[in-house]
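Structure at a glance
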Amino acid sequence: AAKSAGGGRFQFFSEGLNQKAQERVAVEAALREALKKNLLTVHYQPQLELREGRVVGMEALARWHDETLGTVSPARFIPIAEQTGLIHQLGAWVLREACVQCKRWHQEGFPLSVSVNVSIKQVMQEGFSEMVVGTLLEVGLEPKYLDLELTESMLMEKAAESVALLRMFKSLGVQISIDDFGTGYSSLSYLKNFSVDRIKIDQSFVRDVTVRDDAVGIIKAIVAIGHSMGLQVIAEGVESLEEEEKLQLCKCDQVQGYLHARPMPAPEAGAFLRDAFARTAAGAGKEESL
Ligand code: C2E
Ligand code: MG
Ligand code: MG
Ligand code: MG
């Protein structure tokens, strides 16, 4: 039908667009409702230091299961939240939830940090830093245990503003990671201007590492540049031992991925932590007795 007359073609596309727009409106309405009724949850995925396997952090990832829409992935609802302004409410909620959870783990004796994804729309809104400081104070979490993840492409889109924003975050004492690193075309000169603590190598590079010979070279270069600037380097999306061995070879500091754990509800993440800490403590004990 789309192939026939010009009029029909227009009809075809506009119907397609309509359907998409309607779907978006439905998701937006459901998301608004879910936020109001507190139906979102946060899952946590461990970040491990590569050399000894210690858990150094947990990344908080928003999850949403809707009665009629089913499970909606963040890849779908985060952009809608950004476009509709719901991201401010959603982001503040995830941040608070993650900080509270991190504080609980500290009280259990696990001094790890929590990584929270934030969108550039969110951080550029008036009052964002006050909201972060307020949450940290209320929860009683030291700023150094909070890590904000911003994607490289978001930072580059607003490169000039980002430089100032990142400096301001630094002054709060929180940590900053550049997410999806390698996909956002940042020039090295810019990286120097960004006051960040860590880069997260995007999983597309990790996936290539066992397939393409040049991938190891690329990762080695990213790690070397990161280290020369005093940054930590974490690889995300690590799924196999083979990948992890290659990353170790590249002198990567930390890993995160299905190989160790999927993102999990807080109780499961807690169980993972207890296991992991028991294991590394046993390892340390053994070394001492030798
Ligand atoms: P991201 O921050 O880069 O998170 C990594 C994504 O990779 C997560 O997808 C995670 O579940 C997935 N992942 C982790 N390990 C593996 C692995 O070994 N293999 C594979 N194939 N995937 C792995 P998820 O949870 O669907 O989130 C997608 C994106 O949505 C995130 O990418 C982040 O950009 C965004 N997002 C999630 N939660 C939030 C939030 O609370 N606020 C904001 N602004 N964005 C969020
Ligand atoms: Mg992230
Ligand atoms: Mg990422
Ligand atoms: Mg991503």
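For the protein, the name recorded in an unreviewed UniProt entry is EAL domain-containing protein, with Geomonas propionica as its organism.

The next point concerns the coordination of the magnesium ion (ligand 2). At this site the magnesium ion (ligand 2) is bound by Glu59 (OE), Asn117 (OD1), Glu149 (OE) and Asp179 (OD), with donor distances of 2.0 to 2.2 Å. In primary-sequence terms, the residues that donate to the magnesium ion (ligand 2) follow E-x57-N-x31-E-x29-D. A separation of 4.3 Å is found between the magnesium ion (ligand 2) and the magnesium ion (ligand 3), which are bridged by Asp179. Here Asp179 lies in strand S6 (residues 175–181) and Glu59 lies in strand S2 (residues 55–66), a separation of 120 residues in the sequence. Exposure class is identical for Glu59 and Asp179. Each is buried.

The terminal C-alpha atoms of helix H3 (residues 87–107) lie 30 Å apart, and with 21 residues this matches the ideal 30 Å at 1.5 Å per residue to within 8%. Just past H3, the residue Gly109 takes up positive phi, approximately 100°.

Counted as a void, the largest pocket has a volume near 860 Å³. Forming the boundary of the largest pocket are 35 residues, of which Glu59, Leu61, Pro74, Asn117 and Asp179 lie nearest the centre. Mapped by element, the contributors of at least two residues to the lining of the largest pocket are S2, helix H2 (74–84), H3, strand S4 (113–117), strand S5 (146–151) and S6. Approximately 390 Å³ is the volume attributed to the second largest pocket. Lining the second largest pocket we find 21 residues, and of these Val56, Gly57, Ser113, Arg198 and Gln254 sit closest to its centre. Those elements giving two or more residues to the lining of the second largest pocket turn out to be S2, S4, S6 and helix H12 (266–289). By residue class, the composition of the lining of the second largest pocket is seven nonpolar, nine polar and five charged.

Moving on, we come to the side chain of Ser162. Summarising the element assignment, Ser162 is placed in helix H7 (residues 159–172). Residue classification places Ser162 among the buried positions, given a relative accessible area of 1%. Only 2.7 Å separates the side chain of Ser162 from the backbone oxygen of Lys158, close enough to count as a polar contact. Beyond its immediate chain neighbours, meaning those up to four positions away, Ser162 contacts Ile120, Met154, Leu155 and Phe194.

Conventions we followed
- Residues numbered from 1 in each chain as written.
- Chains lettered and ligands numbered in written order.
- Predicted model: local features only at pLDDT ≥ 70, side-chain atom pairs only at ≥ 80, totals over all residues.
- Heavy atoms only, no water.
- Donors = N, O, S within 2.8 Å, 3.2 Å for Na, K, Ca; no water.
- Helix = DSSP H or I, 4+ residues; strand = E, 2+ residues; numbered from the N terminus.
- Buried < 20%, exposed > 50% of the residue type's maximum accessible area, 1.4 Å probe, protein only.
- Expected span 1.5 Å × (residues − 1).
- 1 Å grid on protein atoms, 1.4 Å probe; cavity = no way out; pocket = protein on both sides within 12 Å on 5 of 7 lines; lining within 4 Å.
- Points joined across faces, edges and corners; volume = space filled by probe spheres on them.
- Nonpolar A, V, L, I, M, F, W, Y, C, P; charged D, E, K, R; others polar.
- Polar contact = N/O pair within 3.5 Å; in protein donor to acceptor, adjacent residues only side chain to side chain.
- Contact = heavy atoms within 4.5 Å.

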